[in-house]
Amino acid sequence: MNPTHFKGGLLERLRKKRQERYRKIFSLVLDFSYSFVIGSDGTTEREWTAGGMEELTGFSLQEIDSIGWDSILLEEYETKIEEHRRKLLAGHSSTVEFRIITKEGKLKWLRDKAVSELSGKRKKSVKIVGAVKDITEEILARERIAYLSAIIESSESAIISETKDGKIVSWNEGARKMLGLGLEETEGRDFTSFFINDSVQLFNDRFSKALVGEKADAFLASIKHFSGTELTLLISLSPVKTSEGNVVGVAIVCRDFTEVKKAESDLLSAHSEINQIFNGISLGICLINQKNDIVKGNRAFSEMFGVNKKNYQGKSCCEILAFRECSKNGCPVEKIFSGQEKQLVELSKEIGGIRKDFLFSCSPFKDTTGKVTLTIGCFTDITALREAEKELKESREQLLQSEKLAAIGELASGIAHEINQPLNHIFITAQIAEKLLEKAESPNSELIKQIKVIYENVERAGVVIETLRNFSRKETEKIGTLNARIAVNTALDMLGMQLRDSGIHIKLLNLSESLECYATKNKLTQVILNLLLNARNSFEGLEKISVKTIEIIFDKTPEEVLITIKDNGSGIPSEVLPKIFLPFFTTKPPGKGTGLGLPISQQIINDFGGRILIKSEYGKGTDVLLFLKRKIV
């Protein structure tokens, strides 16, 4: 037996067994395996794992042989494949990754890993053994990992991972920038070592949830920067799982909320300041939406209309405010929402039983697009202004009246003198006629009676003339301190009997008060007399009153002495009340009054630096209030 043949036959058998074993192994662990020998004459002997090629490419071995391997290869990988082949033909091992188009038109990533050896004495034949594997999922996973890594590294958030026992294993660039440390300084540390407040327990609770696969709610914590600066971070924890779902660690994501927290604090501070300003404004301000509902109002608004937030918020301004002028002249708020400009109207409303006047200004509030979303309403309480205007008007009327009285005063002296002389002649002539008639043989009683009427009218005319003289005569007595009771007592001494004869009861109240005031006795007595006569006259024709009463009430304030003369007589009609201080105005029948009593009394009190006020209700009586400047003791 030829040893060489034996040896060669044995080696060939061993080689084939080894190849069969490799083929079985390849068929179990690889998608596609192959082996081939390229002879020196260019012939190729090759072997493929059954079904591997068709599973990878969709083509059978016969179809690949027919169309050629290069026909399914993407063009950009031809150079790489050619380089791969050259290495193998040179007897080197080589690995290449490339993409193909399958029979179904899908793209696949493949990896070809092969080894080769030169055989023969002159090493002309090349034996190549390799395997091709579908690495599409591996490449995609690798790309996903690359994407995720890029995202993690480019993220401004700090992204950190810890092992299950709480040791840091990864630390991205965002974490380095945020906390001033890199992975080399933090690896193996516990992240809670950076905490500077009591948030460690919050972190540990969420860490425990992450270890059992739960995602916990984010929380705010104070963290110390490497420089010592305190940061406010929003921290969230999530479990890190394997493909099988096993938790192997915890991912920590931190977002820097320091500026947000500061901005929030600044915003709250600004909101508080704006709210203080809003509530500190004396104007009543409210915001009204398109449904006419009041959205917000300031403190002045609540106080102005006697409502609080619960009363008005979300309710219609028509319901809360109910101005009659709005329904009468058109709602100013609706005018704003219809596109009209600023509205300014005067409104009035009874609040707490008191009629108040308001100036209402409303303006549009627009959003960033220019749309009117709210109406800003501003209320100014002008009740005091209107009262001041009324008082000013009354003062002007009083000034005009004073000017009239002054003019009358200038005329009074001349008129009195001119009238007094004829009256004296009439009076003397009447006296002579009366005596002649009385001496006649047959006196005419009726004629004597008429002459007496002449006496009475002449006397009455004399009273008018004397009144005018007193009105026009300059005061010689200087204004000084006077006890108001003296003037009242003097007037009662002069008129008391007449009042009692008329069935009128006089009551003096608060006599113990110190009543020192600035006045003159004669003039103040004249005023009291005039007011008592008016009070007496108010009972004329009132037979139904069982008790006729005039009360004289003394009172005082820190600045004034007050004398009130109060009667329960007929009162003054409301339409007459504004005219009572006009000269020569009287409601008495002709011949019963001059219409100068109250104007003169007012002038006297004004001269004292005081004031006179009359309150009356028709059918119930009248109160006359004299305010005199008080002497401070």
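One can find the structure itself at the top, above this paragraph.
Residues numbered from 1 in each chain as written. Predicted model: local features only at pLDDT ≥ 70, side-chain atom pairs only at ≥ 80, totals over all residues. Heavy atoms only, no water.

Thoughts on the sheet that holds strand 6 (residues 158–163)
One open sheet accounts for five strands, arranged 7-6-10-9-8; its pairing is antiparallel. In this open sheet, the two edge strands, each paired with only one partner strand, are strand 7 (168–171) and strand 8 (219–224). Strand-to-strand twist across the sheet, computed as the mean angle between neighbouring axes with direction ignored, equals 35°. As judged from the six bridges shared by strand 8 and strand 9 (residues 230–241), these two strands associate in the antiparallel manner. Residue pairing across strands places Ser222 opposite Thr232, the latter belonging to strand 9. Along the sheet, helix 8 (residues 200–211) makes contact with strand 6, strand 8, strand 9 and strand 10 (247–256), crossing strand 10 at roughly 140°. (Pairing = 2+ DSSP bridges. Helix = DSSP H or I, 4+ residues; strand = E, 2+ residues; numbered from the N terminus. Axes fitted to C-alpha atoms, helices over the stretch in contact; angles between N-to-C directions. Contact = heavy atoms within 4.5 Å.)

Here we look at the packing of aromatic side chains
What the rule picks out here adds up to 13 aromatic pairs. Ring plane angle 85° and centroid distance 5.8 Å describe the contact between Phe191 and Phe195, whose orientation is recorded as edge-to-face. Each member of the pair, Phe191 together with Phe195, is buried. Aromatic side chains Phe195 and Phe203 sit 5.5 Å apart centroid to centroid with 70° between the ring planes, which places their arrangement in the edge-to-face category. (Phe/Tyr/Trp six-rings, centres within 6.5 Å; stacked < 30°, edge-to-face > 60°. Buried < 20%, exposed > 50% of the residue type's maximum accessible area, 1.4 Å probe, protein only.)

Digging into the sheet that holds strand 20 (residues 560–567)
One key point about sheets: their strands pair by backbone hydrogen bonds, in either a parallel or an antiparallel sense. Strand order in the open sheet formed by five strands is 17-19-20-22-21, and the pairing between neighbours is mixed. Where the open sheet ends on each side, the last strands, each with one partner, are strand 17 (504–509) and strand 21 (611–617). Each neighbouring strand pair of the sheet contributes to a mean axis angle of 15°, computed without reference to strand direction. In this structure, strand 20 lies alongside strand 22 (residues 621–629), joined through eight bridges in antiparallel fashion. Directly across from Asp567, in strand 22, lies its bridge partner Thr622. Against the sheet, helix 17 (residues 484–501) engages strand 17, strand 19 (548–556) and strand 20, with an angle of about 165° to strand 17. Across the sheet, helix 18 (residues 521–537) touches strand 17, strand 19, strand 20 and strand 22, and the angle it forms with strand 22 is around 170°.

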